[in-house]
Amino acid sequence: MSIRQKVKVRGGAAVAVAAVLALALAGCGGGGEKAKEPTKSESPQSQASSPQQPAPTASKDSGPLEVIATAQGPSSIVLEVNSAVRDQDGYVTVSGQIKNAGSTTFSQFGSLRGEEKTASHGSVAGATLVDAVGKKRYFVLRDTEGRCACTTGLANIKGGESIAFFAQFPSPPATTTEVVFGLPTFAAATIKISG
């Protein structure tokens, strides 16, 4: 083979290698785009969760949350109910804050789960709504495995801090607009249902 023929063969091989590398890189680039797609789908999820996170910041900027009822608990623990909202699916969601007005850490949350053995420790599963007019008591909703539709994982509240809570109940009749919210170890609090 002459030098000219070797250069042509090597040049052709170089073009073939370059084409294979380009395809491989394009394949890697396509894989990179697929990797970017979950990032794009994660970004709406993070955006969806971000409105929940800035909500406390927004409430700080616009002032404190509205308090529709308060109840004294053990030691210097205070329960503040911020809302009791009836939705169109037949549920009432009560939400608020458990605040430690004292200076020492409070960690005795076991009694808030009520007397049920299957309720999560450190939850507000023992909460109830009482409809005095209809003479009915409503308990926190549970899933098929017995887990409450409520805040769980309560551990400690340092002095001066607060923890948000929620509990979801079956809705009393639409004509019932006022109920008594109860949580073990706290005084009862009368609240108005909106929605």
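In what follows, the structure referred to is the one given above.
Residues numbered from 1 in each chain as written. Predicted model: local features only at pLDDT ≥ 70, side-chain atom pairs only at ≥ 80, totals over all residues. Heavy atoms only, no water.

Asker: Any chance you could explain the overall build of the chain here in plain terms?
Answerer: Along its length, the chain carries two helices and eight strands. Reading the chain from its N end, one meets helices and strands in the order α-α-β-β-β-β-β-β-β-β. Burial status across the chain gives 28% buried among its 195 residues. Sequence-distant contacts in the chain: of pairs separated by 6 or more residues, those separated by 24 or more amount to 60%. Carbon and sulfur atoms make up 57% of the accessible area of the chain, which amounts to about 12,300 Å² in all. (Helix = DSSP H or I, 4+ residues; strand = E, 2+ residues; numbered from the N terminus. Buried < 20%, exposed > 50% of the residue type's maximum accessible area, 1.4 Å probe, protein only. Contact = heavy atoms within 4.5 Å. Areas by Shrake-Rupley, 256 points an atom, 1.4 Å probe, with all protein chains shown as cover.)

Asker: I would appreciate a short explanation of the side chain of Thr176 in the present structure.
Answerer: Topologically, Thr176 is positioned in the loop between strand S6 (162-170) and strand S7 (178-182). When near neighbours in sequence (up to four residues on either side) are disregarded, Thr176 contacts Arg86, Asp131 and Ile193.

Asker: Any chance you could explain the sheet that holds strand S3 (residues 91-100) here in plain terms?
Answerer: Hydrogen bonds between backbone groups are what pair the strands of a sheet, and the pairing can be parallel or antiparallel. Strand order in the open sheet formed by four strands is S1-S2-S3-S6, and the pairing between neighbours is antiparallel. Each edge of the open sheet is held by one strand with a lone partner, namely strand S1 (69-72) and S6. Across this sheet, the average inter-strand angle for adjacent strands is 25°, counted without regard to direction. Note that strand S2 (residues 77-86) and S3 share nine bridges and pair antiparallel. Looking across to S3, one finds that Ser83 is bridged to Ser95. (Pairing = 2+ DSSP bridges. Axes fitted to C-alpha atoms, helices over the stretch in contact; angles between N-to-C directions.)

Asker: I keep staring at the state of the cysteines and nothing clicks. Help me out?
Answerer: Simply put, disulfide is the name for a covalent bond between the sulfur atoms of two cysteines. All told, the structure shown has one disulfide when counted by the stated rule. Between Cys148 and Cys150 runs a disulfide, and the two sulfur atoms are separated by 1.9 Å. Because the sign of the S-S torsion sets the handedness, a value of about -70° for the bond joining Cys148 and Cys150 places this disulfide among the left-handed ones. (Disulfide = S-S within 2.5 Å.)

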